[in-house]
Amino acid sequence: MNSVLNNRVLPVSIVNLCRTFKTKVPRVRFAPSPTGYLHLGGLRTALYNYLFAKSRNGSFILRIEDTDQTRKVEGSVKALLKDLKWAGIECHEGPGIGGKYGPYVQSERLPIYQEHISKLLENGSAYKCFCTERRLNLLRRDAVRSQRIPKYDNRCRSLSEEDISEKIGAGSPYCIRFKLSSDCSAFEDLIFGGIAYDVSLNEGDPVLMKSDGYPTYHFANVVDDHLMDVTHVLRGVEWQISTTKHLLIYKAFGWTPPQFGHLPLIVNADGTKLSKRQSDVKVEDYRNNGIFPLALVNYITLSGGGFDHVPGAGVRLKSMDELAEEFQIDRISSHPSRLNPDLLQECNRLEIRRQLQDDQLSQTLVAKLQDLIKHTYPSQTLDIEKEHIKTVLNWAVARISKIEDLVSSKFGFLWILPSNNQMDIDKDLLHRLVEYLETQEVFEEPILKDKLREFSKNNNIKFPELMKILRSVLSGLSEGPGVAEMMHLLGKSQSLERIKAVVR
Ligand code: GLU
């Protein structure tokens, strides 16, 4: 692909070089609060930031926003790091990873926020507020009663220096609020386009620093994005409403803000909202349910745009490198991203297929299935040698969407003998069948099928009837894979063993 400049065609490498010089190398961040598990929405935010950085040789930063200590859940940072690593998302800077912009945990940056809040107090953009919780509650209740939007009335904005000194002298606790103004220019959202929202119409002056010395999300988020040199903020659309507020804070500091892009909501296929409580949206649950990381990652990218997916063209599994190469923020749709769970199954199937084609990965896959079999059927006695497992996997890949399916009741017959079947069986018929099959050299599906057909004709039994009996004898099931297929998979001796066991 070439680019045209002044009627001259430039090779791609030069175009890229120009771009590199014109734009800063991106620094993006994923800034979760350690309040629980990583869910699908969080994973998407992390993934898109990561892919954006990766595609432009930028940096992907992990920052833990734990300023609300009351919501902190023990162990969640560790779980988060585990989930990101599992998904193949590599953090370049962050807690436990390092980087020159640290610390990367907000509760370890309190002196930085103190220093910066002083600047806003000095330049008159912020003020001390002594209103008690009781007064704030009264304001809230009053507003609700008279059907107004509950918001702080900015009373402490107008306190005199003497009032302030007196209150401080009396030891009254205070927080620090930001003076909101209507002076917020619209901003260009990288995904939604122009956004204009006058936050001061709907909110009172927001708290930047709480009375316990901890910053609020809004303040710490802005200070850190600036100090960490973040160039692009890609985050969930639920934060879009806060962005104009953030822009006012940037302005108060005299800082240039990063560019903002808000990722649309992820919704169910029918458009209804996903709930964090829906157990299947936790990344950990996907992992425990046999979903492979690359499958989950591809699944996410299929729902919201940003990539080269052609609708209706079928799913193709892409590597992280391919995804990064294709990713373009302006291709992300601003409509809610609808998840289609069928695509997750398809992605996982494709991932199993990919792993089977790779020497190393297929060995791991085989070992995983061996473990699952041993665990599910502790008394299993049948062949679970590597070669056999691999044959089964190659056969099964079109029928399953996860490895765990192969130890479900539907496929259990592959590893254990079927339990006693209830059918009234014509033992003579099966005797003759054993004799007939023993003479067969080739035990492969199409040939076997023909042979069974021939046997049914010669023995005066309808073919479907014979299949029904054999399926039950071989697998204990009333439905499932084709009988000849089953016999091929079980092998000649195991198939005959099972028939003989019934005749005996
Ligand atoms: N701490 C916020 C969260 O939990 C981060 C929002 C942002 O990215 O600015 O999602």
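Here, every reference points to the structure presented above.
The sections below set out a description of the structure shown in this document. (Residues numbered from 1 in each chain as written. Predicted model: local features only at pLDDT ≥ 70, side-chain atom pairs only at ≥ 80, totals over all residues. Heavy atoms only, no water.)

### Re the nonpolar core
Then, number 1: Core analysis: the biggest nonpolar cluster contains 101 residues, and Ile89, Leu296, Trp415 and Leu437 have the highest contact counts within it.
Then, number 2: The biggest single contributor to this core is helix H2 (residues 40-55), with nine residues.
Then, number 3: Every residue in contact with Leu437, bar those within four places of it in the chain, is listed here: Phe443, Leu448, Leu452, Met487, Lys492, Leu496 and Ile499.
Then, number 4: Core analysis: the next-biggest nonpolar cluster, separate from the first, contains 33 residues, Met209, Val223, Val230 and Val233 among them. (Core = buried A, V, L, I, M, F, W, Y, C linked by side-chain atoms within 4.5 Å. Buried < 20%, exposed > 50% of the residue type's maximum accessible area, 1.4 Å probe, protein only. Helix = DSSP H or I, 4+ residues; strand = E, 2+ residues; numbered from the N terminus. Contact = heavy atoms within 4.5 Å.)

### Observations regarding the site of the ligand
Then, number 1: The environment of the ligand is made up of Arg29, Ala31, Ser33, Glu65, Tyr217, Asn221, Arg235 and Trp239.
Then, number 2: In this structure, Arg29 approaches the ligand through a side-chain N or O atom, which is 2.7 Å from an oxygen atom.
Then, number 3: Between a nitrogen atom of the ligand and a side-chain N or O atom of Glu65, the distance comes to 2.6 Å.
Then, number 4: Relative to its unbound accessible surface of 300 Å², the ligand loses 83% to contact with the protein. (Near = heavy atom within 4 Å. Polar contact = N/O pair within 3.5 Å; in protein donor to acceptor, adjacent residues only side chain to side chain. Areas by Shrake-Rupley, 256 points an atom, 1.4 Å probe, with all protein chains shown as cover.)

### Describing the sheet that holds strand S5 (residues 126-129)
Then, number 1: Pairing in this open sheet of three strands is antiparallel, and the strands run S5-S6-S9 from one edge to the other. On the outer flanks of this sheet lie S5 and strand S9 (207-209), each paired with one strand and no other. Neighbour-to-neighbour, the strand axes of the sheet open up by a mean angle of 45°, direction not taken into account.
Then, number 2: Bridge analysis of S5 against strand S6 (residues 175-178) gives four bridges, and the strand direction is antiparallel. Along S6, the bridge assignment pairs Lys128 with Ile176. (Pairing = 2+ DSSP bridges. Axes fitted to C-alpha atoms, helices over the stretch in contact; angles between N-to-C directions.)

### Regarding the pattern of salt bridges
Then, number 1: Counted according to the given criterion, the structure contains 23 salt bridges.
Then, number 2: A salt bridge links Arg135 to Asp153, with the nearest nitrogen and oxygen atoms 2.4 Å apart. Of the two residues, Arg135 is situated in helix H5 (residues 133-145) and Asp153 in the loop between H5 and helix H6 (161-169); the sequence distance between them amounts to 18 residues.
Then, number 3: Glu485 is the partner of Arg399 in a salt bridge, and the nearest nitrogen-oxygen pair spans 1.9 Å. (Salt bridge = Lys/Arg side-chain N within 4 Å of Asp/Glu carboxyl O.)

### Some details on the side chain of His262
Then, number 1: Assignment of secondary structure puts His262 in strand S11 (residues 259-263).
Then, number 2: Given the relative accessible area of 0%, His262 is considered buried.
Then, number 3: Reaching out from His262, the side chain makes a polar contact with the side chain of Thr243 at a distance of 3.0 Å.
Then, number 4: Ignoring sequence-local partners within four residues, the contact set of His262 consists of Phe187, Asp189, Ile191, Phe192, Arg235, Gly236, Val237, Trp239, Gln240 and Thr243.

### Details of the packing of helix H16 (residues 427-438) against helix H20 (residues 492-503)
In helix packing, the relevant descriptors are the interaxial angle and the interaxial distance, both defined with respect to the helix axes.
Then, number 1: Look at H16 against H20: their axes get within 9 Å of each other, and the N-to-C directions meet at 160°. Here H16 is positioned roughly antiparallel relative to H20, judged by the angle of their axes. Here H16 and H20 pass one another in a crossing that is left-handed. Contact residues: Lys427, Leu430, His431, Leu433, Val434, Leu437 and Glu438 in H16; Lys492, Leu496, Ile499, Lys500, Val502 and Val503 in H20.
Then, number 2: The residue inventory of the contact of H16 with H20, partitioned by class, reads eight nonpolar, one polar and four charged. (Parallel < 35°, antiparallel > 145°, perpendicular 65-115°, else oblique. Left-handed = near helix turned anticlockwise from the far one by under 90°. Nonpolar A, V, L, I, M, F, W, Y, C, P; charged D, E, K, R; others polar.)

Without other data, these values stay purely geometric and don't point to any function.
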